[in-house]
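# Examination of the molecular architecture
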Amino acid sequence: MNETMVCAVGRVATQPVYREMASGPSARFRMAVTARYWDREKNMWTDGHTNFFTVWANRQLATNTAASLTVGEPVIVQGRLKVRTDVREGQSWTSADIDAVAIGHDLAWGTSAFRRAGKSEPASASTQPEPNWETSPGGSPDLIPDPMDATAQQPPEAAALT
């Protein structure tokens, strides 16, 4: 509940590594986020400090990440920030990880074509009728019709499911 959610805009720094784990698919990649600022003396944009994050994706997000991202592409990542400090060979190391909730291409730099991932639907999902949104289960209207709306006076038409 008290998590630090971040939205990072940067570029893919390493090729995503995909692994099938016992808990499900997992993918990770490094992301470079470079601050840019307007240098008034040079009258041009200048790169500032670059931060690197390890982005972790799980389940379907991991599968789609591995299939969609390559090094150098601009991305936007939203997720939970995790900062870790380790001691390796006597030196203290600090790393920042993002446990991703959403990952996408940054369309400010180019175009992207969305393709829905292949997923099998349960057979019963297509046989269930659409709920009737105009009346409640007791038969009384959920919404009061607008008397000025001519379509509200017409009976609802039957819709065919295909």
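Bear in mind the structure is a predicted one, so any value in this text is a computation, not a measurement.

## Focus on the overall build of the protein chain
- Helix and strand content of the protein chain: one helix and six strands.
- Secondary structure elements in the protein chain, listed N-terminal to C-terminal, are β-β-β-β-α-β-β.
- The buried share among the 162 residues of the protein chain stands at 21%.
- Of all intrachain contacts in the protein chain linking residues separated by at least 6 positions in sequence, the fraction that spans at least 24 positions is 53%.

## Some details on the side chain of Thr54
- Checked against the element boundaries, Thr54 lands in strand β4 (residues 44-58).
- Among the residues examined, Thr54 registers a relative accessible area of 12% and is labelled buried.
- Every residue in contact with Thr54, bar those within four places of it in the chain, is listed here: Arg28, Phe29, Arg30, Ala96, Asp97 and Ile98.

## Let's talk about the packing of aromatic side chains
- Here the structure, examined in full by the defined rule, presents one aromatic pair.
- With 5.6 Å between their ring centres and 75° between their planes, Trp38 and Trp45 make a pair best called edge-to-face.
- Here Trp38 falls in the partly exposed class, since its relative accessible area comes to 39%.
- Sitting over the ring of Trp109, Arg11 keeps its end group 5.0 Å from the ring centre.

## A few points about the pairing of strand β2 (residues 17-21)
- Inspection of the sheet shows β2 paired to strand β3 (residues 24-39) by five bridges, in the antiparallel sense. Following the sheet pairing, Val17 is matched in β3 by Arg28.
- The turn linking β2 back onto β3 is made up of two residues.

## What about the confidence of the model for the protein chain?
- Looking at the protein chain, the pLDDT average stands at 81 and 72% of residues meet or exceed 70.
- Counting interchain partners and residues more than four positions distant, the pLDDT-below-50 stretch residues 139-153 has eleven contacts.

## Things to note about the pairing of β4
- Here β3 runs beside β4; their pairing, made up of 13 bridges, is antiparallel. Across the sheet, Thr34 pairs through a bridge with Thr50, a residue of β4.
- Bridging between β4 and strand β6 (residues 91-105) involves three bridges; their strand directions are parallel. Note that in β6 the partner of Thr54 across the bridge is Asp97.

## Notes on the nonpolar core
- One finds Phe29, Met31, Val55, Val75 and Val77 to be the most contacted residues of the largest nonpolar core, which totals 17 residues.
- Broken down by secondary-structure element, the contributors of at least two residues to this core are β1 (5-12), β3, β4, α1 (59-68), β5 (74-88) and β6.
- In terms of residue count, β3 provides more of this core than any other element does, four residues in total.
- If near-sequence neighbours (up to four positions away) are discounted, Phe29 is found in contact with Val12, Thr14, Gln15, Pro16, Phe53, Thr54, Val55, Thr65, Leu69, Val77 and Ile103.

Reading guide: rules and limits
- Sequence positions are assigned chain by chain, starting from 1 and proceeding in written order.
- Whole-chain, interface and lining totals are the exception, using all residues; otherwise, since this is a predicted model, local features are given only for residues with pLDDT of at least 70 and side-chain atom pairs are given and counted only at 80 or more.
- Side-chain metrics in this entry use all non-hydrogen atoms of the structure; hydrogen atoms and water are not considered.
- Secondary structure elements are taken from DSSP: a helix is a run of H or I of four residues or more, a strand is a run of E of two residues or more, and numbering for both begins at the N terminus.
- Residue exposure (1.4 Å probe, protein chains only): buried if accessible area is under 20% of the type maximum, exposed if over 50%, otherwise partly exposed.
- Any two residues whose heavy atoms approach within 4.5 Å at even a single point are treated as in contact.
- Within 6.5 Å between ring centres, the rings of Phe, Tyr and Trp (the latter by its six-membered ring) count as paired, and their orientation is classed by plane angle as stacked under 30 degrees, edge-to-face over 60, tilted in between.
- Only when the NZ atom of a Lys or the CZ atom of an Arg is both within 6 Å of the ring centre and within 35 degrees of the ring normal do we say a charge sits over the ring.
- Only strands joined by at least two bridges in the DSSP assignment are considered to pair.
- Values of pLDDT, ranging from 0 to 100, describe the predictor's confidence in every residue of the model.
- Here the nonpolar core consists of buried residues drawn from Ala, Val, Leu, Ile, Met, Phe, Trp, Tyr and Cys, with membership extended through side-chain atoms lying within 4.5 Å.

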